[in-house]
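Here are the chains, one letter per residue:
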Amino acid sequence: MNHITTSSIRKGFFSCLFAILTCLGMAFVSCSDDDSFTTSRNNILTFSTDTVSLDTVFSKVPTATKTIWVYNKSGDGIRCSNVRLEKGNQTGFRVNVDGTYLGASEGYKVNDVEIRNKDSIRVFVELTSPANMKDEPTLIEDNLVFTLESGVEQKINLNAFTWDAIMKSNMTISRDTTISSTKPVIIDGGIRVDSGAVLTIEAGTTLYFKNSAGIDVYGTLVTKGTAEKNVVLRGDRIDNMFDYLPYDRVSGQWKGIHFHTSSYDNIINYTDIHSTYDGVVCDSSAIDKMKLYIYNSVIHNCQGYGLLSTNCIIDIFNTQITNTLYDCAAFYGGGAMLRHCTIAQFYPFDVTRGVALRFTNYKDGTDYPLYQFDVYNSIVTGYADDVIMGDFKDDVTAQYRFDHCLLRTPADSTSNELLTNIIWEDVKDTISGGWKNFKLVDIDNQKYDFQLDSVSKAVNAGVKLENGYSDNDRLGRRRDDSPDMGAYEYAGEGLE
């Protein structure tokens, strides 16, 4: 039997006490290490980027927010004496560092920013730039400066091209008015053209519409673009959704143009309308008056219809209507003449996309006689096997004609005087049909160029139309004596 002595008890007590103190000491040292901050010039911060570029922005308009991560991978804690905007309030950049805004009351800096080893903080950057008083975008720069306790300075460059714009809100056009500007014009709240008034938009003018804005026309709209200087109607976002994708290539950025019942004699010429919800909508009107002329224009990338016409008279020439969630062009009754048009349905965001071309004599239970629907020298194509929908009630007028056209729809083998000189696009043709007709259909990057490729069967397949309708293409290029179908004359490899 072993005997427990006082001496053995003392030895056991001191052994346990030593072990406890050792553990506490290690814990203390560990805490002390976590809370220590180095002043060595060898220990520096790491940034997720050394440059924050906000691309091109409008002056006096707040930008979206960009984020930077600041990492400490140095092996010890780092304390910044301060983080500051080098130019203070001179450039319009706004910065939030780890929850602290660098404002005027703080001298556009924050002091004693601590970043422990293997930790990080988040920085937010925005910009509302001052006016640069120039017609062209101007570079504006600042640096976000991290001054470490060691005396080392690290910088992140902040930059953008700032562009002066004319701001217009809730415009009402009650008398004849002309908009002409070399500077961008930003429209907030939309434009209303009253009955009896004419709004004219001159060549080279670009209107940038905010998301809820569009043009409501009760009177008359005239756009007077030229081949060299189109009128451009687009959304106001000039930044990127992703690095590869500008918002300008994203549909649904603004509301488009709506011609109401009282509106007549509208002219859209050399005009680029893109990234809308509905591109152009024409409400039912008297069929003894011309509703709309669309010449030498583009309606592209719409989250609704490209062109929706209900019981109207419309004349369309040298025009591209492409890539829409609903139909690219839909005609419910009335009358339409289409010459040298490219209508192509390659909308990428929804497999339930509409057809390229719809024409019919009724809508939602109401009869709309189709008095005339003539299509010449035009291309109608897309992804689907059949991108054309002609749907008629037998007891309602439906008159139509296609001549010298390339159509992606099942071939009509019967003798039909309403369908003459047709190229029926074979859906099995992957060499010259569908998207192979065109120079570029890049779904991944949302880039499209609907000029003809050399393999397209539309090249030299048209007929020379009377009254100069086959003289020039949408880009103002001269057509030859064997004009191509569609809005663009083939320019040859490497040519624009």
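### A look at the overall build of the protein chain
So, point 1. Looking only at helices and strands, the protein chain has 1 helix and 40 strands in total.
So, point 2. The C-alpha atoms of the protein chain give a radius of gyration of 33 Å, which is well past the 23 Å a tight globule of 496 residues would have.
So, point 3. A principal-axis box enclosing the C-alpha atoms of the protein chain has dimensions of 120 × 70 × 50 Å.
So, point 4. Per-residue burial over the protein chain gives 49% buried out of 496 residues.
So, point 5. Once local pairs closer than 6 in sequence are excluded, the contacts in the protein chain between residues at least 24 apart make up 63%.
So, point 6. Charge-centre separation for the protein chain: the mean point of 46 positive side chains lies 7 Å from the mean point of 65 negative side chains.

### What to know about the sheet that holds strand E1 (residues 46–47)
So, point 1. Spatially, the 5 strands line up as an open sheet ordered E1-E3-E8-E5-E6, and their pairing is antiparallel. Either end of the sheet is taken by a strand with one partner, and the two such strands are E1 and strand E6 (100–101).
So, point 2. Relative to strand E8 (residues 120–127), strand E3 (residues 66–71) runs antiparallel, the two sharing 6 bridges. Across the sheet, Tyr 71 pairs through a bridge with Ser 120, a residue of E8.

### Focus: a nonpolar patch on the surface
So, point 1. On the surface, a cluster of nonpolar side chains totalling about 290 Å² of accessible area is made up of Met 241, Phe 242 and Tyr 244.
So, point 2. Of the residues examined, Tyr 244 reaches a relative accessible area of 42% and is grouped as partly exposed.

### Describing the confidence of the model for the protein chain
So, point 1. Mean pLDDT over the protein chain stands at 92; residues scoring 70 or higher make up 92%.
So, point 2. Every residue in residues 1–21 scores below 50 in pLDDT, and together they form 1 contact with partners more than four places removed in sequence or on other chains.
So, point 3. In the predicted structure, residues 23–33 sits below a pLDDT of 50 and forms 1 contact with residues beyond four places in sequence or in another chain.

### Here's the deal with the nonpolar core
So, point 1. Counting 55 residues, the largest nonpolar core has Ile 191, Leu 233, Ile 257, Phe 331, Phe 373 and Phe 402 as the members making the most contacts within it.
So, point 2. Those residues within four positions of Phe 402 in sequence are excluded, and the remaining contacts are Leu 357, Phe 359, Phe 373, Val 375, Leu 407, Leu 418, Leu 419, Thr 420 and Ile 422.
So, point 3. Membership of the second largest hydrophobic core comes to 31 residues, among which are Leu 45, Val 57, Val 83 and Ala 160.

### Re the packing of aromatic side chains
So, point 1. Scanning the entire structure with this criterion turns up 24 aromatic pairs.
So, point 2. Aromatic pair Phe 47 and Phe 146: ring centres 5.1 Å apart, planes at 40°, arrangement tilted. Separated by 99 residues along the polypeptide, Phe 47 in strand E1 and Phe 146 in strand E9 (residues 138–148) bring together distant segments of the chain.
So, point 3. Judged by relative accessible area, which is 16%, Phe 47 ranks as buried.
So, point 4. Judged by relative accessible area, which is 0%, Phe 146 ranks as buried.
So, point 5. Here Phe 359 and Phe 373 contribute two aromatic rings whose centre-to-centre distance is 4.7 Å and whose plane-to-plane angle is 10°, an arrangement assigned as stacked. Of this pair, Phe 359 sits in strand E31 (residues 357–360) while Phe 373 is found in strand E34 (residues 370–376), placing the two residues 14 residues apart along the sequence.

Procedures and definitions
Residues numbered from 1 in each chain as written. Predicted model: local features only at pLDDT ≥ 70, side-chain atom pairs only at ≥ 80, totals over all residues. Heavy atoms only, no water. Helix = DSSP H or I, 4+ residues; strand = E, 2+ residues; numbered from the N terminus. Rg over C-alpha atoms; globule rule 2.2 N^0.38 Å. Buried < 20%, exposed > 50% of the residue type's maximum accessible area, 1.4 Å probe, protein only. Contact = heavy atoms within 4.5 Å. Lys, Arg positive; Asp, Glu negative; His and termini not counted. Charge placed at Lys NZ, Arg CZ, Asp CG, Glu CD. Pairing = 2+ DSSP bridges. Patch = residues over 30% accessible without salt bridge, like charges linked within 9 Å, V, L, I, M, F, W, Y side chains within 5 Å. Areas by Shrake-Rupley, 256 points an atom, 1.4 Å probe, with all protein chains shown as cover. Salt bridge = Lys/Arg side-chain N within 4 Å of Asp/Glu carboxyl O. pLDDT = per-residue confidence, 0-100. Core = buried A, V, L, I, M, F, W, Y, C linked by side-chain atoms within 4.5 Å. Phe/Tyr/Trp six-rings, centres within 6.5 Å; stacked < 30°, edge-to-face > 60°.

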